[in-house]
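Next come the chains, spelled out residue by residue.
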Amino acid sequence: MPSSFALMAKEQDGSPKLRHPEFQRMRVTHTIGVIGLCVTSYILGAWQGTSNSIKPSFISTKTRCHDLARSSGARLDFQAHHRVTFNESSLGVEKFPPCQLKYSEYTPCQDPRRARKFPKKMMQYRERHCPKKEDLLRCLIPAPPGYKNPFEWPKSRDYAWYNNIPHRELSIEKAVQNWIQVEGDLLRFPGGGTMFPHGADAYIDDINALILLNDGNIRTALDTGCGVASWGAYLMKRNIITMSFAPRDSHEAQVQFALERGVPAMIGVMGSERIPYPARAFDMAHCSRCLIPWNKLDGIYVIEVDRVLRPGGYWILSGPPIHWKRHFKGWERTEEDLKQEQDEIEDLAKRLCWKKVVEKGDLAIWQKPINHIECVDSRKVYDAPQICKGNDVDSAWYKKMETCISPLPYVKTEDEVAGGALEQWPIRASAVPPRITRGSVPGLTPEKFQEDSKLWSERVDHYKKLIPPLGKRRYRNVMDMNAGMGGFAAALIKYPLWVMNVVPSGSPHDTLGVIYERGFIGTYQDWCEAFSTYPRTYDLIHADNIFSGYQDRCDITYILLEMDRILRPEGTVIIRDTVEVLGKVQAITEGMRWKSQIMDHESGPFNPEKILVAVKTYWTGKPTQKQ
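Residues numbered from 1 in each chain as written. Predicted model: local features only at pLDDT ≥ 70, side-chain atom pairs only at ≥ 80, totals over all residues. Heavy atoms only, no water.

Read across the sheet, 3 strands follow the order β1-β3-β2 without closing on themselves; strand pairing throughout is antiparallel. Since the sheet does not close on itself, it has two edges, and those belong to β1 (159-161) and β2 (181-183), each with one partner. Adjacent strand axes in the sheet meet at a mean angle of 30° when their direction is disregarded. Pairing of β2 with strand β3 (residues 186-188) involves 3 bridges; the strand directions are antiparallel. The partner of glutamate 183 across the bridge, within β3, is leucine 186. (Pairing = 2+ DSSP bridges. Helix = DSSP H or I, 4+ residues; strand = E, 2+ residues; numbered from the N terminus. Axes fitted to C-alpha atoms, helices over the stretch in contact; angles between N-to-C directions.)

Right under this line is the structure:
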């Protein structure tokens, strides 16, 4: 019979023969314990990853129990402090210096100095003229000294900090019209305008007495030559959202004032190119002494308004030449001249097949037909304008205006709305848009629309866990840089904010018309160029797969510098993209005075798409710098 020493020796040299039962139990217990520890550590690491920072340089394709990365779990500080200490940039990270203070209101594609090089015919010098690559600024646009966070809506509609937009020109030049008043360190917006001396609210009441504004049929509006956008500001309480635009001209801060108030606006002009919106976008268009020569150039500007008006939409005109018998002396024009201008506008409207709804006091209103059945027949009577032969009606990015009527979609009967009737607001926001039900956008179906709406509702619910509460009015001006079908904006409609929905030019699916049919606003844009707005005009910027789409088209550094330009100090950025792309983005933002974290996808840590949340820190230009 073998000794116990011999049995132990056999076990130690790996003999496959019988082993002592006690050792077997010990080995099994040890193995189970190790496996349990690994599983527990893995689950704990995955749970921590949903809220902690993920450093791209530490991401590995292999997971080992003894090599789980741990992050600090620190949350971003979203509170307003108005002071910050900057960390030294990491080795190899470019640290961007502040630009000179003279660039605090820099608008790259509407730079007045560059504009002087272009002809004044048809306002070409005030259109978009972007700098060449070698002229791009590689620095951070400073806020003016003393900059403060804007007031929350609705107080911001009526008040702004003077130091944020230190301009007095409009308070002097437009004193009679009551556009702006300077009161100490505040700017006050009484709601006045050239043609509404009793305020925008009373002016809108006058319009409401002529066409109903409160039944949900009118949701999107266009204000050409908007001034400080008081018309759009006061329409908001009637659930009408307005795209307001004005050129950067002698009253250079008009659009900046509008956005500081929390009102949608863009720098823009009726020049030689189409305005950057799709066909059939607006329920209502408006001009209050906007100084656009509607009766000139073969009516090209009225024809452009016709392109962007939806079937059945309204055009409202106040100011010259309307009510000229009363105002001609104040306008310093002859009665004959003003009568001729109005006669020419009336004639053009008839040839566009518009119907004159009413003219009362200082207001004249026309309505576009719901289809072109009668209009096609009328071409036998009117030589011009003819209906355009092509159907490229939505194209509006660096596209020249035309003097032919944009054709409407085909209808079978005279009472059918071309392109499909729209639901009333707010049902319109969630209803399947006619462009999708009719198959006008290849590849998009009602089923995909519903899936997209559900997806963005879930994503916004997740965002609420990552950023300050949306309902506390911290965010007012929001931009979606790649808006798709507008699902992000739709998921935010219950909050006191508005969204500028951007569809990148050249996108596989032109969805901007879909977005307008949902009752939202937006524009086309090439993100290799600057956006048509002033610095510090957005509180929250959302970028869904922008950088993966543009990294082979242009230097993404300049896209991030543009985001920094238009983002308010202490504003927030949410970027969705792959881990590899976000790693590049975060490395650049480390030199831009942003605080950022990369967080897991809402579905969990195994999704290759991640979310970068960043906050632009507060800093201003130095007052000692010379302008």
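The N-to-C vectors of helix α19 (residues 556-566) and helix α20 (residues 579-589) enclose an angle of 55°; their axes lie 10 Å apart at closest approach. In terms of their interaxial angle, α19 and α20 are classed as oblique. Considering how the two elements wind past one another, α19 and α20 form a crossing that is right-handed. The segment α19 lies against α20, with Ile556, Thr557 and Leu560 engaging Lys584, Val585, Ile588 and Thr589. A per-class count over the contact of α19 with α20 returns 4 nonpolar, 2 polar and 1 charged. (Parallel < 35°, antiparallel > 145°, perpendicular 65-115°, else oblique. Left-handed = near helix turned anticlockwise from the far one by under 90°. Contact = heavy atoms within 4.5 Å. Nonpolar A, V, L, I, M, F, W, Y, C, P; charged D, E, K, R; others polar.)

Turning our eyes to something else, we now look at the packing of aromatic side chains. A complete count under the given rule lists 15 aromatic pairs for this structure. Residues phenylalanine 151 and tryptophan 161 carry aromatic rings whose centres are separated by 4.7 Å and whose planes lie at 25° to one another, so their mutual orientation is stacked. With a gap of 10 residues between them, phenylalanine 151 in the loop between α3 (112-115) and α4 (155-158) and tryptophan 161 in strand β1 connect regions that are remote in the sequence. Pairing tyrosine 277 with phenylalanine 282 gives two aromatic rings, centres 5.6 Å apart and planes at 90°, and the pair type is edge-to-face. Residue class for tyrosine 277 comes out buried when judged on its relative accessible area of 2%. Assessed through its relative accessible area of 0%, phenylalanine 282 is described here as buried. Each member of the aromatic cluster is reached from another via a ring pair, and the members are Trp294, Trp315, Trp354 and Trp366. Against the face of tryptophan 161 rests lysine 148, its NZ or CZ located 4.0 Å from the ring centre. (Phe/Tyr/Trp six-rings, centres within 6.5 Å; stacked < 30°, edge-to-face > 60°. Buried < 20%, exposed > 50% of the residue type's maximum accessible area, 1.4 Å probe, protein only. Lys NZ or Arg CZ within 6 Å of the ring centre and 35° of its normal.)

A few words on unusual backbone geometry. Along the chain, proline 320 connects to proline 321 via a cis peptide bond; the corresponding omega equals 5°. Within the secondary structure layout, proline 321 lies in the loop between β8 (309-318) and α10 (324-327). Omega for the peptide link from tryptophan 425 to proline 426 comes to 10°, which places this bond in the cis form. Its place among the elements puts proline 426 in the loop between α12 (373-378) and α13 (427-430).

Below, the discussion takes up the pairing of β8. Most of β8 sits out of view: 10 of its 10 residues are buried. Pairing analysis gives 6 bridges linking strand β7 (residues 282-288) to β8, with the strands arranged parallel. In the sheet register, cysteine 287 faces β8, and the bridge partner there is leucine 317. With respect to chirality, the unit in which β7 leads through helix α9 (residues 300-308) into the neighbouring parallel β8 is right-handed. Two elements, β8 and strand β10 (residues 363-367), share 5 bridges in a ladder whose sense is antiparallel. (Right-handed = clockwise from strand over helix to strand, strands pointing away.)

Attention shifts here to the side chain of glutamine 110. Relative to the helices and strands, glutamine 110 is located in the loop between α2 (21-49) and α3. Since its relative accessible area comes to 8%, glutamine 110 is described here as buried. Side-chain polar atoms of glutamine 110 contact the side chain of serine 532, separated by 3.0 Å. (Polar contact = N/O pair within 3.5 Å; in protein donor to acceptor, adjacent residues only side chain to side chain.)

Moving on to the state of the cysteines. Applying the stated criterion across every chain, the model contains 6 disulfides. Put simply, cysteine 109 and cysteine 130 are joined by a disulfide, and their sulfur atoms are 2.0 Å apart. Judged by the sign of its S-S torsion, about 110°, the bond between cysteine 109 and cysteine 130 is right-handed. On the criterion of sequence distance, the pair formed by cysteine 109 in the loop between α2 and α3 and cysteine 130 in the loop between α3 and α4 is long-range, its members being 21 residues apart. One disulfide bridge connects cysteine 388 with cysteine 404, the sulfur atoms lying 2.0 Å from each other. Because the torsion about its S-S bond is 100°, the bridge between cysteine 388 and cysteine 404 counts as right-handed. With a gap of 16 residues between them, cysteine 388 in the loop between α12 and α13 and cysteine 404 in the loop between α12 and α13 connect regions that are remote in the sequence. (Disulfide = S-S within 2.5 Å.)

We now examine the pairing of strand β5 (residues 241-246). Regular strands show a simple pattern: their side chains alternate between the two faces of the sheet. When you tally the buried positions in β5, you get 6 out of 6 residues, the bulk of the element. The alternating pattern of β5 places Ile241, Met243 and Phe245 on one face and Thr242, Ser244 and Ala246 on the opposite face, and all of these are buried. In this view, the connection linking strand β4 (residues 220-224) to its parallel neighbour β5 by way of helix α7 (residues 230-235) has right-handed handedness.

Before going further, it helps to spend a moment on the sheet that holds strand β12 (residues 498-504). Reading across the sheet, the 7 strands line up as β13-β12-β11-β14-β15-β17-β16 and stay open at both edges, with mixed pairing between neighbours. One side of each edge strand has no neighbouring strand; the edge strands of this open sheet are β13 (521-525) and β16 (594-600). Each neighbouring strand pair of the sheet contributes to a mean axis angle of 20°, computed without reference to strand direction. As defined by bridge partners, strand β11 (residues 477-480) adjoins strand β14 (residues 538-544) across 3 bridges and the pair is classed as parallel.

A surface patch of negative charge is lined by Glu374, Asp377, Glu414 and Asp415. When you line up the elements, aspartate 415 lands in the loop between α12 and α13. The exposed category is assigned to aspartate 415, whose relative accessible area is 62%. (Patch = residues over 30% accessible without salt bridge, like charges linked within 9 Å, V, L, I, M, F, W, Y side chains within 5 Å. Areas by Shrake-Rupley, 256 points an atom, 1.4 Å probe, with all protein chains shown as cover. Salt bridge = Lys/Arg side-chain N within 4 Å of Asp/Glu carboxyl O. Lys, Arg positive; Asp, Glu negative; His and termini not counted. Charge placed at Lys NZ, Arg CZ, Asp CG, Glu CD.)

Before going further, it helps to examine the environment of lysine 339. Locating lysine 339 in the fold gives a position in helix α11 (residues 335-351). Considered as a pair, lysine 339 and histidine 323 are 16 residues apart in the sequence and their alpha carbons are 9.6 Å apart. Here aspartate 343 takes part through its side chain, which lies 2.9 Å from a polar atom of the side chain of lysine 339.

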